[in-house]
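# A structural walkthrough
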Number of protein chains: 2
Amino acid sequence: MARWEPNTRERLVLAALDLFIENGYDNTTVAQIAERTGLTKTTFFRHFPDKREVLFAGQESQGRLLADGIAAAPAHATPLEAVAAGLDAVTGSFTPEQRGFAPRIQAVIAGHPELRERSAFKHTGLGEAMAEALRARGVPEPAATLAADLGVRAFHRSFDRWIDPPNSTPLPDLAREELRLLHTTATTLA
Amino acid sequence: MARWEPNTRERLVLAALDLFIENGYDNTTVAQIAERTGLTKTTFFRHFPDKREVLFAGQESQGRLLADGIAAAPAHATPLEAVAAGLDAVTGSFTPEQRGFAPRIQAVIAGHPELRERSAFKHTGLGEAMAEALRARGVPEPAATLAADLGVRAFHRSFDRWIDPPNSTPLPDLAREELRLLHTTATTLA
């Protein structure tokens, strides 16, 4: 039986999302999530510090992948090419399971002010991770922050396109396309 | 006596900031803020919904000023010129008192993760107010969001320069200068 069951972490995410949508985020307890999966609260807390982090897990690793990708870009890369390398690294890490969960995660966050606040903070954190990695390459301010802002926008725009059911383009391709579009647009605002 | 006393709202802000810095944000109660000012808790709650909003008050009016300034820009204005008009409207509204409070407000926020989260959300909210006002003028996406992003960055960068004690340049001038610098920089990232 166990062989074809999704792994523990994925079962917890699935159960949590179902409960958040059925009963509301505030009305869902970790005990209920554990019960729904047939696992214990202790198991839940081995994977997530609290129920909120079911929705935001992976943020730190995303920031790290972006920063590592930027650091590993060729020495002669422009700020935007370095951001593209960061986007390659992070967008290549997403799984089909994450694509499947994403619309439900977004729906839960959209319906709850505290979660929208957390989401804005995550957004800011990814931008800061990218700007920091760019500065470490010698990109001065404000270029580092602006290139990072374009990177965050490209990440979110490509992610939204990727999880749209009719889409069949890989996420890394969408991210590079969005980054190019955003930069072209930024040059034509005045 | 009462003639030279600062107004009630300002007295509450001053007392709250002193207490946040002396005793920590978490350890400060509304009752203590009221006591320090010689006012009642009821008076506090006529000015602020909770102690957190002492730090973030004015956010809604800032978003409204930005949006109204953008809406009132000439019909032929470029997206960036419309953002500059929004910045004129909001930066012209700041008082010398706000300049005086700002470093202490920033210090309290910087020392507290929940407040940094709230601050990121405010940042996002101002950008959304600007992007919405630009779309209402017919600016398409992603130009509206990108112009708004530059506007938020220009607002914060100019504000930080304005509250720096040696500065004597008016905030609206700094904001326009920052917006120009940011746009020029954005065109040279690739």
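Residues numbered from 1 in each chain as written. Chains lettered and ligands numbered in written order. Predicted model: local features only at pLDDT ≥ 70, side-chain atom pairs only at ≥ 80, totals over all residues.

Attention now moves to the overall build of chain A. Broken down by element type, chain A carries 10 helices and 0 strands. Each helix and strand of chain A, placed in order from N terminus to C terminus, yields the pattern α-α-α-α-α-α-α-α-α-α. Principal-axis analysis of the C-alpha atoms places the extent of chain A at approximately 55 × 35 × 30 Å. The long-range share in chain A, meaning contacts at least 24 apart out of those at least 6 apart in sequence, stands at 61%. (Helix = DSSP H or I, 4+ residues; strand = E, 2+ residues; numbered from the N terminus. Contact = placed C-beta atoms within 7 Å.)

All right, on to helix α10 (residues 171–186) of chain B then. Helix length check: α10 of chain B, at 16 residues, gives a terminal C-alpha distance of 22 Å against a target of 22 Å (1.5 Å per residue), a fit within 8%. Of all the positions in α10 of chain B, only Leu 171, Leu 174, Ala 175, Glu 178, Leu 179, Leu 182, His 183, Thr 185 and Ala 186 of chain B are classed as buried. Down the axis of α10 of chain B, the buried side of the element spans an arc of 160°, and every buried residue falls inside it. The elements touched by buried residues of α10 of chain B are α9 (143–162) and α10 (171–186) of chain A together with α6 (79–91) and α9 (143–162) of chain B. (Expected span 1.5 Å × (residues − 1). Buried ≥ 20, exposed ≤ 12 C-beta atoms within 10 Å, placed from the backbone. Arc of directions from axis to C-beta.)

This paragraph deals with the domain arrangement of chain A. In terms of domain boundaries, chain A breaks down into domain 1 (1–54) and domain 2 (58–190). Taken together, the contact pairs 7 residues of domain 1 of chain A with 9 residues of domain 2 of chain A. (Domains from an automatic or database assignment.)

On to the interface of chain A and chain B, then. Counting residues at the interface gives 24 residues for chain A, matched by 24 residues for chain B. Breaking the side of chain A that touches chain B down by element, the ones donating at least two residues are α6 (79–91), α8 (113–136), α9 and α10 of chain A. Its residues placed into classes, the side of chain A that touches chain B shows 13 nonpolar, 7 polar and 4 charged. (Nonpolar A, V, L, I, M, F, W, Y, C, P; charged D, E, K, R; others polar.)

It takes a turn of 180° to lay chain A on chain B, together with a shift of 0.0 Å along the axis; the resulting RMSD is 0.0 Å. Expressed as an axis order, the relation between the two copies is that of a two-fold axis. Proximity to the rotation axis, assessed at the C-alpha, singles out Thr 187 of chain A in chain A; its C-alpha lies 2.4 Å from the axis. Of all interface residues in chain A, 100% are interface residues in chain B too; the two copies therefore contact each other through one and the same surface. (Least-squares fit on C-alpha atoms with pLDDT ≥ 70 in both.)

Our next topic: the packing of helix α5 (residues 59–71) of chain A against α8 of chain A. Angle between the axes and distance between the axes are the two parameters that describe a pair of packed helices. Residue and element names in this part refer to chain A. Axis separation between α5 and α8 bottoms out at 9 Å; the angle between their running directions is 25°. Our classification of the angle between α5 and α8 gives roughly parallel. As α5 runs across α8, the sense of the crossing is right-handed. On the side of α5, the interface is formed by Gln 59, Gln 62, Gly 63, Leu 66, Ala 67, Ile 70 and Ala 71, while α8 contributes Lys 122, Gly 125, Leu 126, Ala 129, Met 130, Glu 132, Ala 133, Leu 134 and Ala 136. When the residues that make up the contact of α5 with α8 are grouped by side-chain class, the tally is 10 nonpolar, 4 polar and 2 charged. (Axes fitted to C-alpha atoms, helices over the stretch in contact; angles between N-to-C directions. Parallel < 35°, antiparallel > 145°, perpendicular 65-115°, else oblique. Left-handed = near helix turned anticlockwise from the far one by under 90°.)

This part is about the nonpolar core. Considering soluble globular proteins, one finds that nonpolar side chains tend to be buried as a cluster. Ranked by internal contacts, the top residues of the largest apolar core, which has 74 residues, are Val 83, Met 130 and Ala 147 of chain A together with Val 83, Met 130 and Ala 147 of chain B. With near-sequence residues (within four places) excluded, Met 130 of chain A lies in contact with Leu 66, Ala 67, Ile 70, Val 83, Gly 86, Ala 148 and Gly 151 of chain A. Counting 13 residues, the second largest nonpolar core, distinct from the first, contains Ala 15, Leu 17, Ile 33 and Val 54 of chain A. (Core = buried A, V, L, I, M, F, W, Y, C linked by C-beta atoms within 7 Å.)

Turn by turn, an α-helix covers 3.6 residues, leaving residues three or four places apart pointing in a common direction. Between its first and last C-alpha atoms α8 of chain A spans 35 Å; for 24 residues at 1.5 Å apiece the expected length is 34 Å, and the two agree. All buried positions along α8 of chain A are accounted for by Arg 118, Ser 119, Ala 120, Phe 121, Lys 122, Leu 126, Gly 127, Ala 129, Met 130, Ala 131, Ala 133 and Leu 134 of chain A. As for α8 of chain A, its buried residues are in contact with α4 (53–56), α5, α6, α7 (96–110) and α9 of chain A together with α8 (113–136) of chain B. At the exit of α8 of chain A stands Gly 138 of chain A, carrying a positive phi of roughly 95°.

Here we take up unusual backbone geometry. With an omega of 5°, the peptide bond between Glu 141 of chain A and Pro 142 of chain A qualifies as cis. Examined against the element boundaries, Pro 142 of chain A turns out to sit in the loop between α8 and α9.

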